[in-house]
Amino acid sequence: MINIKVRNFYYLIAGVLAMLFAVTHAWNGQSAVLPTLDIRAMSMDTRTVFTYVWHIITAENLVFGIAFIFMSFQSERSKIRFAAWMIATILIVRLMVILGITALLDVSALKDTFIDSIAIVIYVALIILGTTMKK
């Protein structure tokens, strides 16, 4: 009999959230964001780049989710702590880019980033809590 035991519930929750974020990001992109691109005003190359950059974030969220779910079952925390910190760092940088570019281009649009910002902060907080767990 295989004994599978969740050893880090913070990582498990972070993984499930990341997979949910991947689904909602893809859905939002396909249904709301990408269709609003003014096709007449931009080249096909620009639309292609915008679309694949959007879906890179979707793919990253999916990979992070799978990684955290896998990491939640690991008993040796010291071996996975570095990966958790790297992912948290990527997410913090992602948030800084979102807020920085938004503030640079249209400071009044910062309010539109509130929900995404809160989601990233909660996600990073769960990761950090997971890295502080003792055996």
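Note that the structure is predicted; figures quoted are calculated from it, not measured.

Engineer: Outline the overall build of the protein chain, supporting the account with residue identities and numerical values.
Structural biologist: From N to C terminus, the protein chain includes four helices and zero strands. Of the regular secondary structure in the protein chain, the N- to C-terminal order runs α-α-α-α. Considered along the principal axes of its C-alpha atoms, the protein chain spans approximately 60 × 35 × 20 Å. In the protein chain, buried positions account for 28% of the 135 residues. Relative to all contacts within the protein chain whose residues are 6 or more apart in sequence, the contacts with residues 24 or more apart total 77%. Carbon and sulfur atoms make up 74% of the accessible area of the protein chain, which totals about 9000 Å². If you average the places of the 11 positive and of the 7 negative side-chain charges in the protein chain, the two averages end up 19 Å apart.

Engineer: Before we move on, can you summarise helix α2 (residues 44-72) with the specific residues and values?
Structural biologist: Residues spaced three or four apart along an α-helix point in a common direction, a consequence of the helix completing one turn every 3.6 residues. The terminal C-alpha atoms of α2, which comprises 29 residues, lie 42 Å apart, in line with the 42 Å expected from a rise of 1.5 Å per residue. On its buried face, α2 is in contact with α1 (9-33), α3 (77-106) and α4 (114-131).

Engineer: Got a sec to walk through the packing of α1 against α4? Specific residues and values, please.
Structural biologist: Axis separation between α1 and α4 bottoms out at 8 Å; the angle between their running directions is 150°. In terms of their interaxial angle, α1 and α4 are classed as roughly antiparallel. Note on packing geometry: the crossing formed by α1 with α4 is left-handed. In contact with Tyr10, Tyr11, Ile13, Ala14, Leu17, Ala18 and Phe21 of α1, α4 contributes Ala119, Tyr123, Leu126, Ile127, Leu129, Gly130 and Thr131.

How each quantity is defined
Counting restarts for each chain: residues are numbered from 1 in the order of the written sequence. Totals for whole chains, interfaces and linings use all residues, but because this is a predicted model, local features are given only for residues with pLDDT of at least 70 and pairs of side-chain atoms are given and counted only at 80 or more. As a convention, hydrogens and water are excluded, and side-chain values are obtained from all of the structure's heavy atoms. Helix and strand definitions follow DSSP, with helices as H or I runs of at least four residues and strands as E runs of at least two, each counted in order from the N terminus. In this scheme, a residue with accessible area under 20% of its type's maximum is buried, one over 50% is exposed, and one in between is partly exposed, where area comes from a 1.4 Å probe on protein chains only. It only takes one pair of heavy atoms within 4.5 Å for two residues to be counted as in contact. Values of accessible area rely on a 1.4 Å probe in the Shrake-Rupley scheme; residue burial ignores everything except the protein chains shown. Lys and Arg are tallied as positive, Asp and Glu as negative. Neither His nor the chain termini are counted. By convention, the point assigned to a charge is CZ for Arg, NZ for Lys, CD for Glu and CG for Asp. Each residue after the first adds 1.5 Å to the expected span of a helix. Angles shown run from 0 to 180 degrees and are taken between the N-to-C directions of axes, each axis being a line fitted to C-alpha atoms and, for helices, limited to the stretch in contact. Here roughly perpendicular refers to angles of 65 to 115 degrees, roughly parallel to angles under 35, roughly antiparallel to angles over 145, and oblique to all remaining angles. The sense of a crossing depends on the near helix, which, turned anticlockwise from the far helix by less than a right angle, makes the crossing left-handed and, turned clockwise, makes it right-handed.

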